[in-house]
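Descriptive analysis of the structure
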Amino acid sequence: MKTLAVLATIACSFCAPIRAGIAAPASVAQDPVAWWSFDSVEEGVVSDRAAGREDRVEGNARRIRGAVGEALLLDGFTAVIDRPAADAPALGEGFTIEAWVAQGAYPWNWCPIVTQQHDQQAGYALCVGPRGQVRIEAAVDGAWQSCTSEDWVLPLREWKHVAATFEPGAGLALYVDGEPAGTLPLQGRVTYATDVDLRIGANHELTKPSHIHREHGTVASFWCLDGALDELGIHGRALSADEVAAGFAAVGAVTECEIRPRIMPSGPKGPGRFGAVYCNLPYYPEWDTLWRVDDHPDVLVRFDRTPVRVVFWRGSRYSPGWVTNDDQWMADQSVEAWKLGDEDTDGCFEHMQD
C-alpha cells in the first residue's frame, strides 16, 4: 500500500519488496496481512500484494485515477470482490482496516467497504452509511458492537482516508483523514467469522433501506458500494493513532476525484422545434452499462416557445417528467397540493392530477 509503505518503513522492513511489486516473505511480520492497491486490474483480477494472491472482481467495475496511483470504481449495483473463507486473512487479538474511499452516491443503507461477518454473531465490518458516516462493527465477547462517526464526514466525490482499529482492553476506534472520528471503549476479544467469505464492496445479507416511509411496501436488497476504493489494507494488529496519522500524512495532497456530479438526463436545454423524438438519454457510465437497450430507448418532447421539456426516460419507468431549463424535475409523486402565495387557494402540481 502506498500509504502503508511509509508505515512499513517505521514498523518493519516490508517497504522494499512492496515497492518492487513483490509480496512480503512469510518470515516478515504480517503487517499488513492484506493489501489491495488496485493499481492494476487484469482480466477482472486484482492483486493482494501482501498475501501474494489474486482476487476476481465480479460485476461492473473499472479503474480510475485514485488517491494515489489507480483506484477501482465500483458501480453500486453489481460490483463485488469475494474471497473464500479459507483464504481470508487471519487476524490477531487486535486489527486495523484502512482505505481511501470516494463515493459517487450514499448507499441506501449501511454498505461495507470490507466485511467478514455472520448475522452479527461473529466477525467484523467497516461500512459507509446513508448519511455520509463511517462505522466499524465487530462481535466482541458474544455481543455485536459498533462505533459510528458523525454524519457527513464522508462528502461525495472526494477522496477520504478512513481507518478503524480494535484493540483488546481499548475497544473500537475510527479515523478520517488521520483524525479521530469516534471511539467505543470495550473490554473483550473479537469472535471472528472464519467460515464466512471475505467480501469487499457489498453486504452479505438482504437489507431494507434506511429511513423507510412505508415498512410493509419496501423490499430488502443487497447494497453495493457506489464509489471508488484505493489502498485497502488489513493489519493483524491495532495501529496506534500516531501510526494512522502518519500513514495519512505521508500521502500528502491527493489527486482530484474523477467521479462527476450526476445530473438527470433531459436532453438539450432551451426551446426547440415542437415535437417528440426517440433518443438515448445517458445518465452516467456505470448506470448506463446496466441497460441492454437499442440506440433510441427514450422519448424527448420539446416546445418552440418554452424551455420546458417532457421526458419519457427508462430510468423513471417512462413515467413522463416535466423538466425545467435548470434541470428541475416534476413527475409522479411530486407535490400534490400547494398554497398559491397569500391567496386562499390551493393548486395541484402533480402531473397525474389524481
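Keep in mind that this is a model prediction, so the values were computed, not measured. (Residues numbered from 1 in each chain as written. Predicted model: local features only at pLDDT ≥ 70, side-chain atom pairs only at ≥ 80, totals over all residues. Heavy atoms only, no water.)

Topic: the sheet that holds strand β21 (residues 329–330)
Across the sheet, five strands lie side by side as β17-β18-β19-β20-β21; this open sheet has antiparallel pairing. Either end of the sheet is taken by a strand with one partner, and the two such strands are β17 (275–279) and β21. Sheet analysis places strand β19 (residues 309–312) next to strand β20 (residues 321–323), joined by three bridges and oriented antiparallel. From the neighbouring strand, Arg-309 faces β20, where its bridge partner is Val-323. (Pairing = 2+ DSSP bridges. Helix = DSSP H or I, 4+ residues; strand = E, 2+ residues; numbered from the N terminus.)

Considering the pairing of strand β10 (residues 134–140)
Burial analysis of β10 places seven of its seven residues in the buried class, the great majority of the element. Covered by surrounding structure in β10 are Val-134, Ile-136, Ala-138 and Val-140 together with Arg-135, Glu-137 and Ala-139, the residues of both alternating faces. One ladder, built from five bridges, connects strand β9 (residues 122–128) with β10; its direction is antiparallel. Paired with Cys-127 across the bridge in β10 is Arg-135. Where β9 hands over to β10, the hairpin turn is made up of five residues, of which Gly-132 adopts a positive phi near 70°. (Buried < 20%, exposed > 50% of the residue type's maximum accessible area, 1.4 Å probe, protein only.)

Looking at the confidence of the model for the protein
This prediction gives the protein a mean pLDDT of 87; 84% of its residues lie at or above 70. Contacts from residues 3–30, a stretch scored under 50 in pLDDT, to residues over four places away or in other chains number 47 contacts. (pLDDT = per-residue confidence, 0-100. Contact = heavy atoms within 4.5 Å.)

Focus: the packing of aromatic side chains
By the definition in use, this model includes 14 aromatic pairs. Relative to Tyr-192, the ring of Phe-95 lies with its centre 6.4 Å away and its plane at 65°, an arrangement referred to as edge-to-face. Of the two residues, Phe-95 is situated in strand β7 (residues 95–103) and Tyr-192 in the loop between β14 (179–184) and β15 (198–200); the sequence distance between them amounts to 97 residues. Judged by relative accessible area, which is 0%, Phe-95 ranks as buried. Within the aromatic cluster, the residues linked to one another by ring pairs are Tyr-283, Tyr-284, Trp-287, Trp-291, Trp-313 and Trp-329. The positively charged end of Arg-262 is found above the aromatic ring belonging to Tyr-284, 3.8 Å away from the centroid. (Phe/Tyr/Trp six-rings, centres within 6.5 Å; stacked < 30°, edge-to-face > 60°. Lys NZ or Arg CZ within 6 Å of the ring centre and 35° of its normal.)

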